[in-house]
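# A closer look at the structure
Take a look at the letters that make up each chain.
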Amino acid sequence: MKTIKTLARYINGYWKDVTITWICVFLESLLEILVAFFLRYLMRNVENGNLQGIILWACILILMAVISAVFGLIAGIFASSASCGFGKNVREAMFIHVQDYSFQNIDHFSTSSIVTRLTTDVSNVQNSLMQILRSVLRAPLMVIFAVIMCFITAPGLAWIFLIIIPILLFALLFIATKVHPIFERVFTTYDQLNESVQEDVDGIRIVKAFNREKVQSNKFRSVSDFIYKNFIYAEKLLSFNSPIMNTAVYGAMIGISYLGARLIISTNNTEHPFTVGGLSTLITYIMMIMMSLMMISMVYVQIIISKNSTERIVEIIEEVP
């Protein structure tokens with residue numbers, strides 16, 4: 001929490017962009033949910049063969065989709081502006097503060113570590129901020145709106161979401177938690193990688209004079225291989241996100257299709273029948289909820305990756321010369 005407060009002040013000058021981003025994301029999410037909701041009316045007119053109704057609702061849905069896309073585009077532009085501005089402010093603050101360092105401070109971090117924190121770590125935090133601005137508000141909103149609309153559309157089938165969502169969310173967050181220590185090791189090792197390169201470049205004359213090229217190459221290769229193997233292992237763990245997501249999506253689709261078909265048959269002659277359009281709407285909500293949960297999982301992983309970078313940046317800023 002302390003690191004977040006420390007870095008939050010570097011968004012100064014870009015809070016307007018952040019506010020516009022969140023407003024646009026809210027409107028974009030709301031319109032996407034409404035498109036799925038009004039789709040049932042289009043399906044109802046298709047079933048009744050009402051051409052005027054089909055044209056009317058098709059135009060309404062197209063218009064809402066276009067407006068939603070425009071809001072998404074605006075949100076992307078302002079999120080990029082805010083995150084890049086934040087990165088610029090952090091780099092500038094770090095660079096200016098490093099100018100006041102004594103040799104003791106530089107020895108404490110090492111030159112290679114300072115370079116890594118000014119480049120790789122700031123880029124990680126900058127990318128994480130852009131993901132947060134775009135997704136942290138959008139994904140929960142999509143899940144909440146979609147679940148509410150599911151209960152409005154078919155209360156008798158919406159209970160399936162209350163079972164699938166917690167199980168899926170737990171599985172995705174469990175994977176992300178397992179990946180966190182791996183990325184911490186990787187970003188710490190970046191310092192050693194940069195240090196190896198710096199030593200080789202600064203002492204290139206000595207390396208060549210004493211024929212130490214192979215030793216330096218082996219040193220670089222060992223660090224590079226460590227980063228490579230850890231990244232591969234982390235990506236293997238993250239690759240489980242997709243099959244888990246697909247299993248949940250198609251499992252929910254099968255369950256809702258089966259129960260929805262029975263509900264359509266049983267309510268066919270009642271006053272308020274459950275129609276094929278309502279079933280199509282529910283399936284659309286399933287996709288929205290599952291994709292939002294996947295988005296939450298990926299953003300969580302990005303935050304986990306940048307957590308270590310955030311701490312390393314704050315160490316530079318709060319170091320007393």
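Residues numbered from 1 in each chain as written. Predicted model: local features only at pLDDT ≥ 70, side-chain atom pairs only at ≥ 80, totals over all residues. Heavy atoms only, no water.

## Here we look at the environment of I182
We count it as follows: Numbering of helices and strands runs from the N terminus, with a helix taken as a DSSP run of H or I at least four residues long and a strand as a DSSP run of E at least two residues long. Three exposure classes are used, based on accessible area relative to the maximum for each residue type with a 1.4 Å probe and protein chains only: buried under 20%, partly exposed in between, and exposed over 50%. By definition, residues are in contact when any of their heavy atoms lie within 4.5 Å.
Structurally, the position occupied by I182 is in helix α7 (residues 159-202). Judged by its relative accessible area of 3%, I182 is buried. Spatially, the C-alpha atoms of I182 and I305 are 9.1 Å apart, while their sequence positions differ by 123 residues. With residues up to four places along the chain from it excluded, the contact list for I182 reads N230, Y233, A234 and L237.

## With respect to the pattern of salt bridges
Where charged atoms from two side chains of opposite charge come close, those side chains can pair. How we decide: Note on definitions: salt bridges are taken to be side-chain nitrogens of Lys or Arg within 4 Å of carboxyl oxygens of Asp or Glu.
For the coordinates displayed, the defined rule picks out four salt bridges. A salt bridge links R117 to E315, with the nearest nitrogen and oxygen atoms 2.8 Å apart. Taken together, the positions of R117 in helix α5 (residues 111-136) and E315 in helix α11 (residues 276-318) put the pair 198 residues apart, joining distant regions of the chain. Take E315: its relative accessible area is 42%, and that puts it in the partly exposed class.

## Thoughts on the packing of aromatic side chains
Rules: Here the aromatic set is Phe, Tyr and Trp, taking the six-membered ring for Trp, and pairing holds for ring centres within 6.5 Å; pairs whose planes are under 30 degrees apart are stacked, those over 60 apart are edge-to-face, and all others are tilted.
As enumerated under the stated definition, the model contains four aromatic pairs in all. Ring geometry for F38 against Y41: centres 6.0 Å apart, planes inclined by 40°, an arrangement best described as tilted. Taken together, the residues span about one helical turn, with F38 and Y41 both in helix α2 (residues 15-48) at a distance of three residues. Residue class for F38 comes out partly exposed when judged on its relative accessible area of 21%. Ring centres of Y41 and W57 lie 5.1 Å apart, and the angle between their planes is 15°; on these two criteria the pair is classed as stacked. Here the residue Y41 occupies a position in helix α2, and W57 occupies one in helix α3 (residues 51-99), the gap between them amounting to 16 residues. A relative accessible area of 26% places Y41 in the partly exposed class. Taken together through their ring pairs, the aromatic side chains of F38, Y41 and W57 make up a single cluster.

## Looking at the state of the cysteines
For the record, the criterion: Throughout, a disulfide means two cysteine sulfur atoms within 2.5 Å of one another.
The final tally for this structure, using the stated rule, is zero disulfides. Not part of a disulfide, C84 finds its nearest cysteine sulfur in C24, a span of 17 Å.

## What to know about the nonpolar core
Quick reminder of the rule: The nonpolar core is taken to be a set of buried Ala, Val, Leu, Ile, Met, Phe, Trp, Tyr and Cys residues, with the residues joined through side-chain atoms within 4.5 Å.
Among the nonpolar cores identified, the biggest contains 37 residues, and F161, L282, Y285 and M290 are the most heavily contacted of them. The element contributing the most residues to this core is α11, with nine residues. Leaving out residues up to four positions away in the same chain, F161 has contacts with C150, P166, I256, L282, I286 and I289. Counting residues in each nonpolar core, the second largest holds 23 residues, with I11, I114, V314 and I317 among its members.

## Overview of α7
Selection criterion: The span you would expect from a helix comes to 1.5 Å times its residue count less one. What we call the bend at a residue is the angle made by axes fitted to the seven residues finishing there and the seven residues starting there.
Along its 44 residues, α7 runs 65 Å from first to last C-alpha, staying within 8% of the 64 Å computed at 1.5 Å per residue. Remark: the principal bend of α7, roughly 25°, maps to H180, with a proline, P181, within the next four residues.

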